[in-house]
Amino acid sequence: MSTATTHDETSYVPPAEVGEMELYHAKTWLGKYVFSQDAKVIAIQYAFTAIAIGMVALVLSLLMRLQLGFPNAFSFITPTAYYQYVTMHGMIMVVYLLTALFLGGFGNYLIPVMVGARDMVFPFLNMLSFWIYFLAVVVLVASFFVPGGPSGAGWTLYPPQAILEGTPGTEWGIILMLISLFMFIVGFTMGGLNYVITVLQARTRGMTLMRLPLTVWGIFIATILALLAFPALLVSCIMMLLDILLGTSFFMPALVSMGEQLEYGGGSPILFQHLFWFFGHPEVYIVALPAFGIVSDLLSVHARKAIFGYRMMVWAIVAIGGLSFIVWAHHMYVSGMNPYFGFFFATTTLIIAVPTALKVYNWVLTLWRGNIHLTVPMYFAIGFIFTFVNGGLTGLFLGNVTVDLPLSDTMFVVAHFHMVMAVSPVLVVFGAIYHWYPKITGRMLHDGMGMFHFWFTFIGSYAIYYPMHYLGFLGVPRRYFSLGNTDFIPASAASLNQAISIAAIIVGITQLVFIYNLVWSLFNGKKASDNPWNATTLEWQTATTPPGHGNFGKELPKVFRWAYDYSVPGADKDFIPQNEPPRS
Amino acid sequence: MTITLIFMAGIMGVIVWWLVKQTINVQPWIADTGLIPDLDADAILQPRAKSGLLAFLAVVTSMFCLFMSAYAMRMSLGDWTPLPEPDVLWLNTGLLVLSSISFQWARQSAKHGRDVSLKRGLYLAGALSVTFIFGQLFAWQQLAEDGYFLSSNPANSFFYLFTALHGLHLLGGLVAWIRAAFRVWSGVEAAKVSISVELCAVYWHFLLIVWLVLFGLMLST
Ligand code: HEM
Ligand SMILES: [Cu+2]
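Notes on the structure follow. (Residues numbered from 1 in each chain as written. Chains lettered and ligands numbered in written order. Predicted model: local features only at pLDDT ≥ 70, side-chain atom pairs only at ≥ 80, totals over all residues. Heavy atoms only, no water.)

### A closer look at the coordination of the copper ion (ligand 2)
Residue and element names in this part refer to chain A. The protein atoms that coordinate the copper ion (ligand 2) are His281 (ND1), His330 (NE2) and His331 (NE2), at distances of 1.7 to 2.0 Å. Here the donor residues for the copper ion (ligand 2) map to a single chain with the spacing H-x48-H-H. Here the residue His281 occupies a position in helix α7 (residues 269-302), and His331 occupies one in the loop between α8 (310-323) and α9 (339-367), the gap between them amounting to 50 residues. Judged by relative accessible area, which is 6%, His281 ranks as buried. (Donors = N, O, S within 2.8 Å, 3.2 Å for Na, K, Ca; no water. Helix = DSSP H or I, 4+ residues; strand = E, 2+ residues; numbered from the N terminus. Buried < 20%, exposed > 50% of the residue type's maximum accessible area, 1.4 Å probe, protein only.)

### Description of the coordination of the iron atom of ligand 1
For a metal with four donors in a tetrahedral arrangement, the ideal angle between donors is 109.5 degrees, while six donors in an octahedron ideally sit at 90 or 180 degrees. All names here are of chain A. Around the iron atom of ligand 1, the protein supplies His89 (NE2) and His418 (NE2) as donor atoms, at distances of 2.0 Å. For the iron atom of ligand 1, the 6 donor atoms are set out with angles of 87 to 180° between them, so the coordination reads as octahedral. Of this pair, His89 sits in helix α3 (residues 79-115) while His418 is found in helix α12 (residues 411-441), placing the two residues 329 residues apart along the sequence. On the accessibility criterion, His418 (11% relative accessible area) is buried. (Tetrahedral: all angles 85-135°; square planar, octahedral: opposite > 155°, others 65-115°.)

### Structural notes on the site of ligand 1
All names here are of chain A. Taken together, 24 residues sit near ligand 1, with His89, Trp155, His418, Arg478 and Arg479 positioned nearest. At a separation of 2.9 Å, an oxygen atom of ligand 1 approaches a polar side-chain atom of Arg478. Measuring from an oxygen atom of ligand 1, one finds a side-chain N or O atom of Arg479 at 2.6 Å. Among the secondary structure elements, those contributing two or more residues to the shell around ligand 1 are α2 (39-69), α3 and α12. (Near = heavy atom within 4 Å. Polar contact = N/O pair within 3.5 Å; in protein donor to acceptor, adjacent residues only side chain to side chain.)

### Remarks on the nonpolar core
All names here are of chain A. Ranked by internal contacts, the top residues of the largest apolar core, which has 274 residues, are Tyr96, Phe106, Trp217, Met239 and Trp363. In terms of residue count, the dominant contributor to this core is helix α6 (residues 214-246) (25 residues). Ignoring anything within four residues of it in the chain, the contact list for Phe106 reads Leu101, Ile111, Ile219, Ile294, Val429, Ala432, Ile433 and Trp436. (Core = buried A, V, L, I, M, F, W, Y, C linked by side-chain atoms within 4.5 Å. Contact = heavy atoms within 4.5 Å.)

### Examining the pattern of salt bridges
According to the stated counting rule, one finds 9 salt bridges over all chains in the structure shown. Between Arg561(A) and Asp565(A) there is a salt bridge whose closest N-O contact spans 3.0 Å. With respect to class, Arg561(A) is no different from Asp565(A); both count as buried. The partner of Arg74(B) in a salt bridge is Asp79(B), with the nearest N and O atoms 3.0 Å apart. Residue classification places Asp79(B) among the partly exposed positions, given a relative accessible area of 27%. It is possible to trace a salt-bridge network through shared partners that takes in Lys50(B), Arg107(B) and Glu198(B). (Salt bridge = Lys/Arg side-chain N within 4 Å of Asp/Glu carboxyl O.)

### Remarks on the interface of chain A and chain B
Taken together, the 65 residues of chain A in the interface contact 58 residues of chain B. Together, the buried faces of chain A and chain B total about 5,500 Å²; carbon and sulfur atoms form 75% of this surface. One can count 0 salt bridges joining chain A with chain B. The tally of links between chain A and chain B comes to 7 residue pairs in polar contact (both at pLDDT 80 or more). Counting residues per element, the side of chain A that touches chain B draws most heavily on α6(A), which supplies 12 residues. Its residues assigned to classes, the side of chain A that touches chain B shows 39 nonpolar, 18 polar and 8 charged. (Buried area = accessible area lost by both parts, 1.4 Å probe. Nonpolar A, V, L, I, M, F, W, Y, C, P; charged D, E, K, R; others polar.)

### Focus on the packing of aromatic side chains
All names here are of chain A. Taken as a whole, this structure holds 69 aromatic pairs over all chains when the rule is applied. Their ring planes at 40° and their centres at 5.3 Å tell us that Tyr379 and Phe454 sit as a pair that is tilted. Of the two residues, Tyr379 sits in helix α10 (residues 376-399) while Phe454 sits in helix α13 (residues 447-474), which places them 75 residues apart along the sequence. An identical accessibility class is assigned to Tyr379 and Phe454; each is buried. In this structure, Lys573 is placed above the aromatic ring of Phe575, and the distance from its NZ or CZ to the ring centre is 4.9 Å. (Phe/Tyr/Trp six-rings, centres within 6.5 Å; stacked < 30°, edge-to-face > 60°. Lys NZ or Arg CZ within 6 Å of the ring centre and 35° of its normal.)

Limitation: the analysis is restricted to geometry and does not speak to function.
Now the structure itself:
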């Protein structure tokens, strides 16, 4: 081991409390499990709510698939209902499931324990954050039960159609949607400030920035993105609410609707699109960066090998985060923009592929000659590399204006974004749950069910989305209730749609196995040791499993090394925990 | 979106600069050999609440930048008729400046343990802010009397929107102010409220700057 280590890094080492700091202690049952201020409980609350509402979104997607595969076979799926499913499915999956799960769920659980802190720095705000999120979900769900039902405007909520009669849910649905988003953003901001300041100021001694596990880096940068980008959604929500409720014309042009001249005039739907995508594109990375971080750690742990190019990985995360703010208009190529703008945004979009590709190379190089353990989390992590590369490549197609124009609003786009921001992050979510479940509950998840879950989900996702690319090339449009007799779409497209729907139903049912596994293992799973994967990071070095209140014992751990000391030559184990002092 | 992009570039610049400072020349794969020096907790880090506030201000700045971008974009469309800003706004601006100054005074007093002037500064700052809010409401009333309603022109819509948002942020600040003022009133010593007063002061300076920018933008267009 090297001895030359007197780099001046230590002068940045933030101190951390030793022993019991002023921790919040719950006195009542309600305070301990319901209005808890312990980040770990809040994390579980977040995860539970997010997965529950995610299941709703999953069912909605299956309903859509039923209609697409077997047109008009189910009388309750009316065109109105179909649009409502599309909208709610998209919005729930992106915002209420993935954002909440990665940042609120994994962020809350992992940040404090991975950086060696006892809790988040503002526990009370943290609790509020969850409850506001919960209320936001309740408001969203309520829109299923109001007159007119939920909004059917598509998850992009483009005005003017989001507001105009004829679109489902213009009575109440759209208002509840906007209010719910507003609440989500307020709640998220409270949580987000916590995550950022905890990473910045609550790291334990020796935990320099460059010793943070990549999971923390991913969540940290994603949180910064979210804090800066969600205001754009907030701004569009506020202005749209004013347009709906008070008759302003921020986004609403002069219109004749249902034969009547409306009061609106002069507003710009394009303005909305700019604001929406200024949030919308970073949002892709808000769910992708935590996934990147987590997958890096999964690969490294289960390949028993240091992550390849740690510093490059950190800088790639930062670069992707920064660049993600200057590509938004690639979602607006068809809005009639100035060609020079299109050129600019196509260029930036393609540039973002550079740091992203670097990350992919580094993941693959981490596996290269590693001592790969094919555990369930590892399967999911490797599956992620496949689906992500796949979705990333079609992204390069769509990033080019000329290619995007004919493909825009076809099933090709649906296939692309599901590969890159639905399947990929979800695979990481699964991998992460299989990886950390033993720490959170003290039990291992059942391997057999895990393998079943992986293979059916992975192959099934390909069965769903691969053919969709082809449908897109044929010109099958997205967000269509039914295709009718369209000349350019051959009859075979209908059979393909059937096959896709059957695959989707199988994938959907597979998720029940996963849920069953979660519950079954809670009671019957193998007892997990403190560190079942022989990992180096601090969450595996806690005195008890699951970690108690305050995470660590009497004294906070001291960190001596980075998180990737796997298979170090000359060491007696194939991993060295971060808090293990050097041999002298 | 230029305004927002400039802000984002600034933020990214800060983040990157700070990261470079922390990460350049660091070889993370090399473990420490010696002991890690125990640093004094307060010596280096600013209070967490203050960092939290600063981060929050970045979020709010992002929001106001986006509103201003929207303003600029909406303005360039044909139907924009600038509205005459009521004169009372100048008076309100003065009030807000004064309240910021009194907060600064309270902050200094708290820091140096001067209980009496802390009290005066804090109460005065709050009173001025409340007056400011009423002043803004008065401006609204004047505009409405002259027939400038929220939805009659986008310039009006933005005026009401900006003043309302700024006012709501100030009201939020007043909640923090009430807590601090109550503690001072009930006789808590200056050193103990020092941090709350400081946070209030920073927040008020921030809102003053936001107001000056918004007011300037609306006056000049
Ligand atoms: C079994 C899994 C899933 C299936 C079968 C599925 C299926 C679908 C279908 C059929 C559509 C409508 C396409 C159209 O006609 O435009 C759709 C839209 C969408 N999905 Fe999924 N989806 C799944 C998972 C996810 C996940 C995990 C996400 C999270 C990012 C997601 C995000 C979206 C979005 C954003 C839309 C667009 C909604 C809109 O057009 O407004 N989906 N999905
Ligand atoms: Cu994008």
